[in-house]
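For reference, the chains in residue letters:
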Amino acid sequence: MAKIYFIDVTNRDGVQTARLGLSKLQKTMINMYLNEMGIFQSEFGFPTTRHESFYLEANLELAEMGVLQPIRLGGWIRATVDDVERAFRLVPGIKHLNLSAPTSDQMIQGKFQGAKNSEDIISMMTDAVDKARACGAESIGVNAEDASRTEIDFLVGFGLAAREHGAQRLRYCDTLGYDNPFTIYESARALAETIGMPIEIHCHGDLGMAVANSLAGAKGTIDGGQDAYINTTVNGIGERAGNADLVATVLAIAKSKEFAERYELEMPVDLTKAWKISKYASYAFGVPIPINQPGVGANVFAHGSGIHADGVLKDPSNYELYSFDEVGRGGPEIVDTGSLICSGEYSGISGFRHLMGRIAVRFKDPGQAEKILELVGYANVASQMPLVEDELLFIARYPGIARKLLTLIPPE
Ligand SMILES: [Zn+2]
């Protein structure tokens, strides 16, 4: 039986959201948490974007060191030979890529304005796949942008051409959130059956169905005999109304009626890390978690009305589909209400020593403390918010990597 995998795209789709973004250290922390959680792949950034280069290389180094393992790190580029060449020039260590091309008539006409037709799109994509293989890419996914508004026959031709040229997956992008669970099931199933290649399901929430569509698309893919790779973002952060929320999608697979009995994850996802990654992403993006967000919202385990409260007191299963500890909640959270020392770009050594002492970091000599403080200052310049404990620990543990993450050299 085919299986379900997760590819989280917070560090690509999430960070390209209007008015939102993450520093390179914050993106790295997201990769660390995704890895801890057991997510198969992180789409970790844009290898053709110059200011990403040091970050991408540093994360590939963490993978080589065994720190970012077993998670796979994949880059996103356009499906053009130029982009492939530039990606391997700027990030020679890149191994996994998704190559994206628009497939709908709307986008082919609307974007290229008559300069390309649908046949040109296929040859542009296959040339890019050939180039990526020649450059040494170990795995290649091919993205059909706006797939949900594309004729299915064209998608089949696009997918078959990608497979013939050595791509391993076709990403079905419901770029505008136009699908519903019934239509995406049919499309995903037809593509899996006719192309004979694993399908990635990439859904947006413009009509409020991103999670439901992700499940239906995965079901269609598996019923069609292929592995399904669901794309998510942490807290559903993404373009416009956002993407399929990671935690909600994992919960939907694990807990919704009869689904998990037939459709299994290839790798177990550790839901007890849900609370931590959601809270962190909320802080780093500066976007509060809605009180009714599945799993992690403040009200998800709160009961006010008499009948519900009475029911939960007698047996939580009366009104809770899953328990708070399953999603990593229930531990104490310490909030300082008195004097507070936090990290900042202008911090000094005394406050810094106090901060690090609290998280039990010991320095071997004053020089080392100064060096870490300097890095923490740079991290603050990049994020413009006090660092959290895990970030301070990361910098103390991997100063060389942190230095790379904080290096930005604009071209001449
Ligand atoms: Zn998207």
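Residues numbered from 1 in each chain as written. Predicted model: local features only at pLDDT ≥ 70, side-chain atom pairs only at ≥ 80, totals over all residues. Heavy atoms only, no water.

Colleague: Would you explain the overall build of the protein in this entry?
Modeller: The number of helices and strands found in the protein is 17 helices and 8 strands. Taking 22 Å as the expected radius of gyration for a compact globule of 412 residues, we find that the protein reaches 22 Å, a close match to that expectation. Along the three orthogonal principal directions, the C-alpha set of the protein runs to about 65 × 65 × 35 Å. Put simply, the protein has 412 residues, and 53% of those count as buried. The contacts of the protein with a sequence gap of at least 6 include a subset with a gap of at least 24, amounting to 74%. For the protein, the accessible surface area stands at approximately 18,600 Å², while carbon and sulfur atoms represent 52% of it. Once the 38 positive and 52 negative side-chain charges of the protein are each reduced to a mean point, those two points are 5 Å apart. (Helix = DSSP H or I, 4+ residues; strand = E, 2+ residues; numbered from the N terminus. Rg over C-alpha atoms; globule rule 2.2 N^0.38 Å. Buried < 20%, exposed > 50% of the residue type's maximum accessible area, 1.4 Å probe, protein only. Contact = heavy atoms within 4.5 Å. Areas by Shrake-Rupley, 256 points an atom, 1.4 Å probe, with all protein chains shown as cover. Lys, Arg positive; Asp, Glu negative; His and termini not counted. Charge placed at Lys NZ, Arg CZ, Asp CG, Glu CD.)

Colleague: Looking at this structure, how should I read the coordination of the zinc ion?
Modeller: Each angle at a metal carrying four tetrahedral donors should ideally be 109.5 degrees, and each at a metal carrying six octahedral donors should ideally be 90 or 180 degrees. Donor atoms from the polypeptide that coordinate the zinc ion comprise D13 (OD), H202 (NE2) and H204 (NE2), at 2.0 to 2.1 Å from the metal. Donor residues for the zinc ion, ordered by position in the chain, follow D-x188-H-x1-H. Remark: H204 occurs in the loop between β7 (199-203) and α9 (210-223) and D13 occurs in helix α1 (residues 10-14); sequence separation between them is 191 residues. Considered together, D13 and H204 belong to a single accessibility category, that of buried residues. (Donors = N, O, S within 2.8 Å, 3.2 Å for Na, K, Ca; no water.)

Colleague: Sorry, what's going on with the pairing of strand β8 (residues 228-232) here?
Modeller: Walk down a regular strand and you will see the side chains alternate between the two sheet faces. For β8, a buried count of 5 out of 5 residues is recorded, marking the element as mostly surrounded by other parts of the structure. Burial along β8 is two-sided: the residues A228, I230 and T232 and Y229 and N231 are all buried. Bridge count between strand β1 (residues 4-8) and β8: 5 bridges; the pairing is parallel. Across the sheet, the residue bridging to I4 is A228, located in β8. Two strands pair when backbone bridges link them, and β7 and β8 are joined in this way by 3 bridges, in the parallel orientation. In the strand pairing of β8, E200 is matched with Y229. Read from β7 through α9 to β8, the crossover connection turns out right-handed. (Pairing = 2+ DSSP bridges. Right-handed = clockwise from strand over helix to strand, strands pointing away.)

Colleague: What is the right way to read the pattern of salt bridges from this model?
Modeller: Should the charged atoms of two oppositely charged side chains come close, the side chains can pair. Inspection of every chain in the model, using the stated rule, returns 22 salt bridges. Here K131 ties to E85 by a salt bridge, and the two come within 3.5 Å at their closest N and O atoms. Here E85 lies in helix α4 (residues 81-90) and K131 lies in helix α6 (residues 118-134), a separation of 46 residues in the sequence. The partly exposed category is assigned to K131, whose relative accessible area is 27%. In this structure E85 comes out as partly exposed when scored by relative accessible area, which is 33%. D223 is the partner of K219 in a salt bridge, and the nearest nitrogen-oxygen pair spans 3.7 Å. (Salt bridge = Lys/Arg side-chain N within 4 Å of Asp/Glu carboxyl O.)

Colleague: What exactly am I supposed to notice about the packing of aromatic side chains here?
Modeller: Any pair of aromatic rings gets described here by the distance separating the centres and the angle formed by the planes. Scanning all chains against the criterion turns up 12 aromatic pairs. Residues Y33 and Y280 carry aromatic rings whose centres are separated by 5.2 Å and whose planes lie at 65° to one another, so their mutual orientation is edge-to-face. Taken together, the positions of Y33 in helix α2 (residues 24-37) and Y280 in helix α12 (residues 274-285) put the pair 247 residues apart, joining distant regions of the chain. The two residues Y33 and Y280 agree in class, both being buried. Within the aromatic cluster, the residues linked to one another by ring pairs are Y5, F40 and Y229. Between the NZ or CZ atom of K116 and the centre of the ring of F112, over which it lies, the distance is 5.8 Å. Here the guanidinium or amino end of R169 rests over the ring plane of Y229, the centre of that ring lying 5.4 Å away. (Phe/Tyr/Trp six-rings, centres within 6.5 Å; stacked < 30°, edge-to-face > 60°. Lys NZ or Arg CZ within 6 Å of the ring centre and 35° of its normal.)

Colleague: Looking at this structure, how should I read the nonpolar core?
Modeller: Core analysis: the largest hydrophobic core is formed by 117 residues, its most contacted members being L99, L246, F394 and I395. When residues in this core are grouped by element, the largest group, 7 residues, is from α2. Excluding anything up to four places from it in sequence, L99 contacts I77, A79, V84, A128, V129, A132, I140, G141, V142 and N143. Grouped together as the second largest cluster of nonpolar side chains are 5 residues, Y5, I7, V9 and F40 included. (Core = buried A, V, L, I, M, F, W, Y, C linked by side-chain atoms within 4.5 Å.)

Colleague: Is there a simple way to think about the environment of T233 in this case?
Modeller: For T233, the location among the structural elements is in the loop between β8 and α10 (246-255). Look at T233 and you get buried, because its relative accessible area is 0%. Considering only alpha carbons, one finds T233 and D120, 113 residues apart in sequence, at a separation of 32 Å. Apart from the residues within four sequence positions on either side, T233 is in contact with D8, V9, T10, D13, G14, N243, A244, D245 and L246.

Geometric descriptors of this kind do not, in isolation, establish any biological role.
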